[in-house]
Amino acid sequence: MSEFEQLWVWSDPAIAESLGWYRAVAENRRPAKFRIARSVPVTLSLEAAPEEALWAEVERLTPVFLARLAAVREGAPLGPPAPGASLLELCAVLVRRMLAHCNFCRWDCEVDRTANGKLGACKLGAQTRVSTYFHHHGEELVYRGRHGSGTIFFTSCNMRCAFCQNGDISTDKDNGVVVSARTLATMAWLLRMEGCHNINWVGGDPTIHLHTIVEAIAILGGDLAKPGRVDLETALAPKSDHVFMSLLRPEAACFESAFNVPMLWNSNFFMSAEAMKILRILIDVWLPDFKFGPGRCAVTLARTPRTWETVTENLALLGDWGEDLTVRHLVMPGHIDCCTRPVLEWIAEHMPGVPVNVMDQYRPENFCDPRGPKYDPRHAAMARRCTAAEVREACRLAESLGVAYETITHEKSRTRLWL
Ligand code: SF4
C-alpha cells in the first residue's frame, strides 16, 4: 500500500466515499477522465464543423463517455486511444471556439478574446499567464498528501473579492509569465512526475483560462509522452518550489505506461453551464469555493451579482452527476447569519454527506487591510479576523445541520503535523 493510501484521513467513511474516484486515479489504480475521453472517437471533422455541430457531438458522446467511465470504474479495461480525433480534442477545439464569443463564466461577456478589442470582466484576451506553480503543502490532507498538491496559479479573476488573499495575482492581469498550452502541459507533467497527487488548477480563477487549460489537458492525453529540453526550460521559469527534476518518479505518474493524474478544479464556481459540460468530461475532483449567501454580500464585497444562483446551480449539477468533491466555506467576520448559515443549510439540504472545509483563516488583505496601500475604508467592517466565537458558531452550525465538516476542517489540529 502506498503512502497516499495510508493517510489516516481515508478512514473517515464520508471522505472515502465522497472521493473514491479521485483516490483511485491519484493511486493510478484507474485512468483519469481525460484518458477515458481520449478513447472515445468523434465522427466529424473538428476544424471544419460549425460550433453547433461540435456541441451536438459533445451531447451525443457524453453518454458514451459516461458509460465507459462507469465500466472503467468497475474495473473494465480502458481500451486503446481513438485512432483519429477523440472527445478530448473535441473539447479543446470547442473551447477555443467559445473564446471568440467568451461565455466561459456567468458574466457571459460574449467578447471576442481572440481579437485585440473589447475585453470582458476578467480583462483578458487570448493569452494565459501563470503566476507561479509548486508542490502545495497547505491544501487539505486529501489533496496535499505527502508530496503536495501540484498547484498552478493563473492570473486575473472574474470576481473582485475585496479581501482576496491572492490579490497580487487576481487583481493584476499582467502578473506572471505568458504560457502556451504546451508549456502548461509540461508544468503539469513535471509536478506529477515529481510526485504530486493531483494537478490543482487555481488562480485568481482557472475558468477564465479554460481554453489553455483544456488544450493542455488534451496535450497530456496525446503527444506529450516526454517533454523536450526546450519545453522543460520554458516551463521551469515560474516554478517556485525546491523539488528538482532529479527526483522524477514516473512509477507514480502512469496508468498502463501512459501519463496519468487526477485533475482538480479549484474555483469560485462562477462558471457557465457550457463550461460545466466540458469540465465534466475532464475533471476528476472538484474544490468549489462557496462563501457568499443569497443576499447582497457578493455584490458589496466581490462586485459580482448572481453568485448564489450560479454556485448553487453548479453544485447541484455535481450532485446530480455523482462527482467527487469537497466544498470550502470561508468564515468571514460579521457574516455568520447572512452567509455561513445559508451556505451550510443549503449544503445540508442538497448535498448531505459531502465533505466541507469550514475555513477559519480569513485575514484582512487587499482592499480590507488597513495597513496596506489599497485599503478602502468602505470595507472597514472586514478589517479584522474572525473572533473565536464566530468560528465556534460556524462549526456549531455545521454540527447541528449534520454537515460532514469535522475531519476535513480539523485535520491539521488533530495531527499537528504537515504530513
Ligand atoms: S471568462 Fe468570464 S469574465 Fe472573462 S470574458 Fe469570458 S465570460 Fe467574461
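First, a word on what this report is: a plain description of the structure on this page. (Residues numbered from 1 in each chain as written. Predicted model: local features only at pLDDT ≥ 70, side-chain atom pairs only at ≥ 80, totals over all residues. Heavy atoms only, no water.)

## Regarding the packing of aromatic side chains
Here is step 1: A full pass over the atoms with the stated rule returns 11 aromatic pairs.
Here is step 2: Pairing Phe134 with Phe153 gives two aromatic rings, centres 5.5 Å apart and planes at 20°, and the pair type is stacked. Taken together, the positions of Phe134 in strand E1 (residues 128–136) and Phe153 in strand E2 (residues 149–154) put the pair 19 residues apart, joining distant regions of the chain.
Here is step 3: Each member of the aromatic cluster is reached from another via a ring pair, and the members are Phe4, Trp10, Tyr22 and Tyr143.
Here is step 4: In this structure, Lys277 packs its charged tip against the face of Trp55, placed 5.9 Å from the ring centre.
Here is step 5: Here the guanidinium or amino end of Lys374 rests over the ring plane of Phe367, the centre of that ring lying 5.4 Å away. (Phe/Tyr/Trp six-rings, centres within 6.5 Å; stacked < 30°, edge-to-face > 60°. Helix = DSSP H or I, 4+ residues; strand = E, 2+ residues; numbered from the N terminus. Lys NZ or Arg CZ within 6 Å of the ring centre and 35° of its normal.)

## Some details on the side chain of Thr409
Here is step 1: Relative to the elements of secondary structure, Thr409 occurs in helix H16 (residues 406–415).
Here is step 2: Given the relative accessible area of 18%, Thr409 is considered buried.
Here is step 3: A polar atom in the side chain of Thr409 sits 3.3 Å from the backbone oxygen of Val356.
Here is step 4: When sequence neighbours within four positions are dropped, the list of residues in contact with Thr409 reads Val356, Asn357 and Val358. (Buried < 20%, exposed > 50% of the residue type's maximum accessible area, 1.4 Å probe, protein only. Polar contact = N/O pair within 3.5 Å; in protein donor to acceptor, adjacent residues only side chain to side chain. Contact = heavy atoms within 4.5 Å.)

## Quick look at the layout of surface pockets
Here is step 1: The computed volume of the largest pocket comes to approximately 1100 Å³.
Here is step 2: In this structure, the largest pocket is lined by 49 residues; those nearest its centre are Gln165, Asn166, Arg328, Met359 and Gln361.
Here is step 3: Elements represented by at least two residues in the lining of the largest pocket include exactly E2, strand E7 (263–267), strand E8 (285–288), strand E9 (327–330), strand E10 (356–359), helix H15 (388–401) and H16.
Here is step 4: If one sorts the elements of the lining of the largest pocket by residue count, H16 sits on top with six residues.
Here is step 5: Looking at the lining of the largest pocket, its residues break down into 16 nonpolar, 19 polar and 14 charged.
Here is step 6: Every element with two or more residues in the lining of the second largest pocket is listed here: helix H8 (181–193) and strand E6 (258–259).
Here is step 7: Within the lining of the second largest pocket, the residues separate by chemical class into 13 nonpolar, five polar and three charged. (1 Å grid on protein atoms, 1.4 Å probe; cavity = no way out; pocket = protein on both sides within 12 Å on 5 of 7 lines; lining within 4 Å. Points joined across faces, edges and corners; volume = space filled by probe spheres on them. Nonpolar A, V, L, I, M, F, W, Y, C, P; charged D, E, K, R; others polar.)

## Some words on the sheet that holds E2
Here is step 1: Across the sheet, six strands lie side by side as E3-E1-E2-E4-E7-E8; this open sheet has mixed pairing. Of all strands in the sheet, those with a lone pairing partner are strand E3 (177–179) and E8, marking the two edges. Between one strand axis and the next, the sheet turns by 35° as a mean value, whatever way the strands run.
Here is step 2: Relative to E2, E1 runs antiparallel, the two being bridged by six bridges. Each residue of the ladder has a partner; that of Phe134, found in E2, is Thr151.
Here is step 3: Contacting E1, E2, E3, strand E4 (199–202) and E7, helix H9 (residues 210–220) runs over the sheet at an angle of about 170° to E7. (Pairing = 2+ DSSP bridges. Axes fitted to C-alpha atoms, helices over the stretch in contact; angles between N-to-C directions.)

## So, the side chain of Ser18
Here is step 1: Relative to the assigned elements, Ser18 resides in helix H1 (residues 13–18).
Here is step 2: From its side chain, Ser18 meets the backbone oxygen of Ala14 in a polar contact 2.8 Å long.
Here is step 3: The contacts of Ser18, once residues within four sequence positions are left out, are Asp324, Leu325, Gly353, Val354 and Pro355.

## Here's the deal with the site of the ligand
Here is step 1: The environment of the ligand is formed by Cys102, Phe104, Cys105, Trp107, Asp108, Cys109, Val111, Arg113, Gly120, Ala121, Cys122 and Ile208.
Here is step 2: Most atoms of the ligand, that is more than half of them, are within 2 Å of grid points of the largest cavity.
Here is step 3: Its residues assigned to classes, the shell around the ligand shows nine nonpolar, one polar and two charged. (Near = heavy atom within 4 Å. Sits in = over half its atoms within 2 Å of the grid points.)

## Considering empty space enclosed by the protein
Here is step 1: Scanning the entire structure with this criterion turns up two cavities of 30 Å³ or more.
Here is step 2: Estimates place the volume of the largest cavity at around 90 Å³.
Here is step 3: Cys102, Cys105, Cys109, Arg113 and Cys122 are, among the 13 residues lining the largest cavity, the residues nearest its centre.
Here is step 4: Each residue belonging to the lining of the largest cavity can be placed in one class, and the counts come to eight nonpolar, three polar and two charged.
Here is step 5: Estimated volume of the second largest cavity: approximately 70 Å³.
Here is step 6: Taken together, Met159, Asn268, Asp289, Phe290, Lys291, Phe292, Thr307, Trp308 and Val311 make up the full set of residues lining the second largest cavity.
Here is step 7: A class-by-class count of the residues in the lining of the second largest cavity yields five nonpolar, two polar and two charged.

Read these as geometric descriptors, not functional statements.
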